[in-house]
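These are the residues of each chain, in order.
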Amino acid sequence: MSLSAVIECRPVKDFSDPLLDKVENTYNDSFPEAERRAFSLVRELVKDEPRFTVYTLFKDQAYAGFITAWSFGTFIYAEHFAIDASARNGGIGGESMKQFMALCDAPVVLEVEMPTEEMSKRRIGFYERLGYVLDDHVYFQPPYRQGEPLLEMRLMTYGAIDLKQSFEEVKNCIHRYVYGVNE
């Protein structure tokens, strides 16, 4: 990334903001259907769920991607993060995540795929270079759609949160509010 590039992370405040159309395209292009909810539900969350925020990412004032996140007081759950195809390979992913992390007033938790193939190992390495720690608890992501299987994942954390002590609490919070599963 050029040193002159300015990366910004801005929250979307209004569910009718036209920026959400760009986010929707990036979201649908970046995540398989099993790893995302219908985007109409994302818009509803922006409108009705105060814990949920869509952050739009900009490189030199041009739309570059997004991060969706949930604020649970003791931690922030980063649900989705993607750089738009038009802005990829410019090295802005790490800087974008740093800008997001700087906005967070609590530790950050996110899910990653199991480190079983090259791309998932590279993704984990990306987050580790930013200071995230890979947790070794068995964790299953509930499906976004009824009837689909659980996905085995791992959690990664950034900041002062110890999943050795709080794994069940964090997992149950994510499952309840993000996925609608009461355990």
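What you see is a predicted model; the values in this text were computed from it and never measured.

Analysis parameters
- Residue indices follow the written sequence of each chain, beginning from 1 at its first position.
- Local features in this predicted model are restricted to residues of pLDDT 70 or higher, and side-chain atom pairs are both shown and tallied only at a pLDDT of 80 or more, whereas totals for entire chains, interfaces and linings draw on every residue.
- Calculated side-chain values reflect all of the structure's heavy atoms, with hydrogen atoms and water omitted.
- UniProt positions are given in the numbering used here, feature names are shortened, and annotations may be inferred rather than shown by experiment.
- Comment: elements are numbered from the N terminus, with helices defined as DSSP H or I runs of at least four residues and strands as E runs of at least two.
- Only protein atoms enter the 1 Å grid used here, on which a cavity is any set of points holding a 1.4 Å probe that cannot leave and a pocket is any open set flanked by protein within 12 Å on both sides along at least five of seven lines; residues with an atom within 4 Å of a point are listed as lining.
- Grid points are joined across faces, edges and corners, and a volume is the space filled by probe spheres set on the points.
- Any residue that is not Ala, Val, Leu, Ile, Met, Phe, Trp, Tyr, Cys, Pro, Asp, Glu, Lys or Arg is counted as polar, Gly included; the first ten are nonpolar and the last four charged.
- When a carboxyl oxygen of Asp or Glu is within 4 Å of a side-chain nitrogen of Lys or Arg, the pair counts as a salt bridge.
- A simple rule labels every residue: compare its accessible area, found with a 1.4 Å probe on the protein chains alone, to the largest value its type can have, and call it buried under 20%, exposed over 50%, or partly exposed in between.
- Residues adjacent in sequence count toward polar contacts only when both atoms are side-chain atoms; beyond that, a polar contact is any pair of N or O atoms within 3.5 Å, and within protein one must be able to donate a hydrogen and the other to accept it.
- Any two residues having at least one pair of non-hydrogen atoms within 4.5 Å are treated as being in contact.
- Helices are assigned an expected span. That span is 1.5 Å times one less than the residue count.
- For a residue, the bend is simply the angle between two axes, fitted respectively to the seven-residue segment ending there and the seven-residue segment starting there.
- Put simply, a patch holds well-exposed residues, over 30% relative accessible area, that have no salt bridge, with like charges counted together within 9 Å and Val, Leu, Ile, Met, Phe, Trp or Tyr side chains within 5 Å.
- All accessibility values rest on the Shrake-Rupley procedure with a 1.4 Å probe; residue burial counts only the protein chains present in the view.

Peer 1: Explain the UniProt feature "domain: N-acetyltransferase" (unreviewed entry) in the protein chain to me, please; I cannot follow it from the model alone.
Peer 2: In the UniProt entry, the feature "domain: N-acetyltransferase" (unreviewed entry) is given for residues 7-158. With 30% helix and 33% strand, residues 7-158 has end C-alpha atoms that lie 20 Å from one another.

Peer 1: Explanation requested: the layout of surface pockets in the structure shown.
Peer 2: The method is simple in principle: a probe with the dimensions of a water molecule rolls over the atoms, and the space it marks as empty is what remains. When its volume is computed, the largest pocket comes out at roughly 1000 Å³. Along the walls of the largest pocket sit 32 residues, with Phe81, Ala82, Arg123, Phe126 and Tyr127 positioned nearest its centre. Contributions of two or more residues to the lining of the largest pocket are made by strand 4 (76-83), helix 3 (92-103), strand 5 (108-113) and helix 4 (118-129). Counting residues per element, the lining of the largest pocket draws most heavily on strand 4, at seven residues. Considering only residue class, the lining of the largest pocket consists of 17 nonpolar, seven polar and eight charged.

Peer 1: Explain the pattern of salt bridges here, please?
Peer 2: Here the idea is simple: oppositely charged side chains can pair when their charged atoms come close. According to the stated counting rule, one finds eight salt bridges in the structure shown. Among the salt bridges present, the one from Arg10 reaches Glu8, with a minimum N-O distance of 3.1 Å. Residues Arg154 and Glu152 are paired through a salt bridge, measuring 3.3 Å at the closest nitrogen-oxygen approach. Given the relative accessible area of 33%, Glu152 is considered partly exposed. Each of the salt bridges in this network shares a partner with another, and the network as a whole consists of Asp21, Glu24 and Arg43.

Peer 1: Mind showing me how you'd approach the side chain of Glu49 here?
Peer 2: With respect to the helices and strands, Glu49 occurs in the loop between helix 2 (39-48) and strand 2 (52-59). Within the structure, Glu49 has its side chain in polar contact with the side chain of Arg51 (distance 2.9 Å). What Glu49 contacts, discounting residues up to four positions off in sequence, is Glu44 and Trp70.

Peer 1: Got a minute to help me understand helix 5 (residues 163-177) in this structure?
Peer 2: An α-helical turn contains 3.6 residues, so a residue and the one three or four places further along point in the same direction. Between the first and last C-alpha of helix 5 there are merely 18 Å, a value that for 15 residues lags more than 12% behind the 21 Å anticipated at 1.5 Å per step. Approximately 30° is the largest bend angle found in helix 5, and it occurs at Glu169. Among the residues of helix 5, those classed as buried are Leu163, Ser166, Phe167, Val170, Lys171, Cys173, Ile174 and His175. Where helix 5 is buried, its residues meet strand 4, strand 5, strand 7 (139-141) and strand 8 (151-158).

Peer 1: Looking at this model, I keep getting lost on a nonpolar patch on the surface. Mind explaining?
Peer 2: A surface patch of nonpolar side chains, about 280 Å² in accessible area, is lined by Val138, Phe140 and Leu150. For Val138, the position within the fold is in the loop between strand 6 (133-134) and strand 7. Since its relative accessible area comes to 53%, Val138 is described here as exposed.

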